[in-house]
Amino acid sequence: MPDYRLDGFTPADQAAADAKDHLDLAGDDFRVLAGHHTADAAHSFLVLHDSSATWGLPGAPQLVSLHIARDLQARTFQVEHAQHAMVPFAQRWLVARGCDPAAIRLPEGRYSRPADALTTEIEERIVRSGGRYQVLDHHTRDGEPHETWVMVRDTDPGAAQCPVRLFLEEAGLDAFTYTVREGAFRDGTSANQWLIDRDTPLPEPVRHPGAPDLRARAALSRSSGTGTRPTADAARVAPASEPQQRHDRRRAR
């Protein structure tokens, strides 16, 4: 069971008490993928994997982002939490609540790694996107093929022609790697139709003249060692079949 560092603290209100009860009931179902505790002990930011999700509703998200705020003088705490399908979106949620993006990376060497620089660039953009992406839908798949997708509305003016974006993560379990790709669609109907048919490549967003080549920049930062560490994702998405033992691609080597 994760250590939430709440010894000696009491819930600030009924909502915090209910949240603490939920954490206690989850027990060992929750596993910490990444965590950051501020130096003054006032805040904890955690990305958790919920192993019980694989036995729940088909396609349910398997990640939980958790923010614990402590009043060190009153010895009380508040809890916020949310479910997510992909790690970058869980990290983004925590960054919006004051977490340093660099502090909530997944530990290097313990989980599957990005297969290429484009995956790293897309994930980094999600983590630092603030309120740009409004999540519309998502799905996690435990069976073959192991994949996760998140559909969002992109509020950036440059995406006005194709504002619905589909982030598709595909795991390569044999190589212990994964890829994330971004597709651009006019609307949710078009995106859903692509998910059903998949008879064409995922339509990439149009790169406007003069826009920075983010793919090249990501490759340069990785080769120079100056970029931020890549992030990985624990969940997968798409219609799930009958319950089965989950093959967690984030498991330790």
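Below or above, wherever it landed, is the structure these notes cover. Each chain has its residues counted from 1, running along the sequence as written. Confidence filtering applies because this is a predicted model: local features only for residues at pLDDT of at least 70, side-chain atom pairs given and counted only at 80 or more, and all residues used for totals across whole chains, interfaces and linings. Side-chain measures were taken over the full set of non-hydrogen atoms in the model, leaving aside hydrogen atoms and water.

## Notes on the overall build of the chain
Selection criterion: Each helix is a run of DSSP H or I of at least 4 residues and each strand a run of E of at least 2, with the numbering of both proceeding from the N terminus. A 1.4 Å probe rolled over the protein chains alone gives each residue an accessible area, and that area as a share of the maximum for its type sets the label: buried under 20%, exposed over 50%, partly exposed in between. By definition, residues are in contact when any of their heavy atoms lie within 4.5 Å. Where accessible areas are quoted, they stem from the Shrake-Rupley method and a 1.4 Å probe; at the residue level, only the protein chains shown are allowed to cover.
The secondary structure content of the chain amounts to 5 helices and 10 strands. Taking all 253 residues of the chain together, 47% fall into the buried category. Sequence separation of at least 24 residues holds for 57% of the intrachain contacts in the chain that already meet a minimum separation of 6. When the accessible area of the chain is evaluated, it comes to approximately 12,500 Å², of which 51% is carbon and sulfur surface.

## Describing the sheet that holds strand 3 (residues 43-50)
Note the cut-off: Pairing between strands is defined by DSSP: at least two bridges between them are needed. For helices, the fitted line uses only the C-alpha atoms of the stretch in contact; every axis is such a line through C-alpha atoms, and the angle between N-to-C directions lies from 0 to 180 degrees.
The strand order across the open sheet formed by 5 strands is 1-5-4-3-2, and the pairing between neighbours is mixed. Each having just a single partner strand, strand 1 (10-11) and strand 2 (30-37) make up the two edges of the open sheet. Contacts between helix 2 (residues 87-95) and the sheet are confined to strand 3, strand 4 (63-71) and strand 5 (76-84), with strand 4 contributing the most and set at about 20° to the helix.

## A word on the sheet that holds strand 7 (residues 133-140)
Ordered in space as 6-10-9-8-7, the 5 strands form an open sheet in which the pairing is mixed. One side of each edge strand has no neighbouring strand; the edge strands of this open sheet are strand 6 (113-114) and strand 7. With 2 bridges connecting them, strand 6 and strand 10 (residues 177-185) associate as parallel partners. Along strand 10, the bridge assignment pairs Arg113 with Thr177. Helix 3 (residues 117-127) contacts strand 6, strand 7, strand 9 (164-172) and strand 10 of the sheet and is inclined by roughly 65° relative to strand 10.

## Quick notes on unusual backbone geometry
Here the phi dihedral of Arg5 falls at roughly 55°; this positive angle occurs in a residue that is not glycine. Position of Arg5 among the secondary structure elements: in the segment before strand 1. A positive phi angle, near 50°, is found at Arg198, a position not held by glycine. By the secondary structure assignment, Arg198 is in the loop between helix 4 (188-197) and helix 5 (214-224). For Arg198, a relative accessible area of 33% translates into the label partly exposed.

## Considerations on the environment of Ser44
We apply this condition: Polar contact criterion, stated in full: a pair of N or O atoms within 3.5 Å, where within protein one must be able to donate a hydrogen and the other to accept it, and residues adjacent in sequence count only if both atoms are side-chain atoms.
Along the chain, the position of Ser44 falls in strand 3. Between the alpha carbons of Ser44 and Ile68 there is a distance of 5.1 Å; along the sequence they are 24 residues apart. Discounting chain neighbours no more than four positions away, the residues touching Ser44 are His36, His37, Leu66, His67, Ile68 and Arg70. Polar side-chain contacts of Ser44 include one of 2.6 Å to the side chain of Arg70.

## Side note on the packing of aromatic side chains
Geometrically, a pair of aromatic rings is defined through the distance of the ring centres and the angle of the planes. The criterion, for reference: Any pair of Phe, Tyr and Trp rings, taking the six-membered ring for Trp, is counted once the centres come within 6.5 Å. Such a pair is stacked with planes under 30 degrees apart, edge-to-face with planes over 60 apart, and tilted for the rest.
Applying the stated rule across the entire model yields 2 aromatic pairs. Centroid distance Phe89 to Phe167: 6.0 Å. Interplanar angle 65°. Geometry classified as edge-to-face. Of this pair, Phe89 sits in helix 2 while Phe167 sits in strand 9, and the two are 78 residues apart along the sequence. Across the pair, Phe167 and Phe89 agree in class, each one buried.

## Focus: the nonpolar core
The test is simple: Only buried residues count toward a nonpolar core. Its members are Ala, Val, Leu, Ile, Met, Phe, Trp, Tyr and Cys residues joined through side-chain atoms within 4.5 Å.
Grouped together as the largest cluster of nonpolar side chains are 15 residues, with contacts concentrated most on Tyr4, Phe30, Leu48, Leu66, Ile68, Phe77 and Val79. Those elements that place two or more of their residues in this core are helix 1 (14-26), strand 3, strand 4 and strand 5. Tallying contributions element by element places helix 1 first for this core, with 4 residues. The contact partners of Ile68, leaving out residues within four places of it in the chain, are Tyr4, Leu6, Ala42, His43, Ser44, Phe77, Gln78 and Val79.

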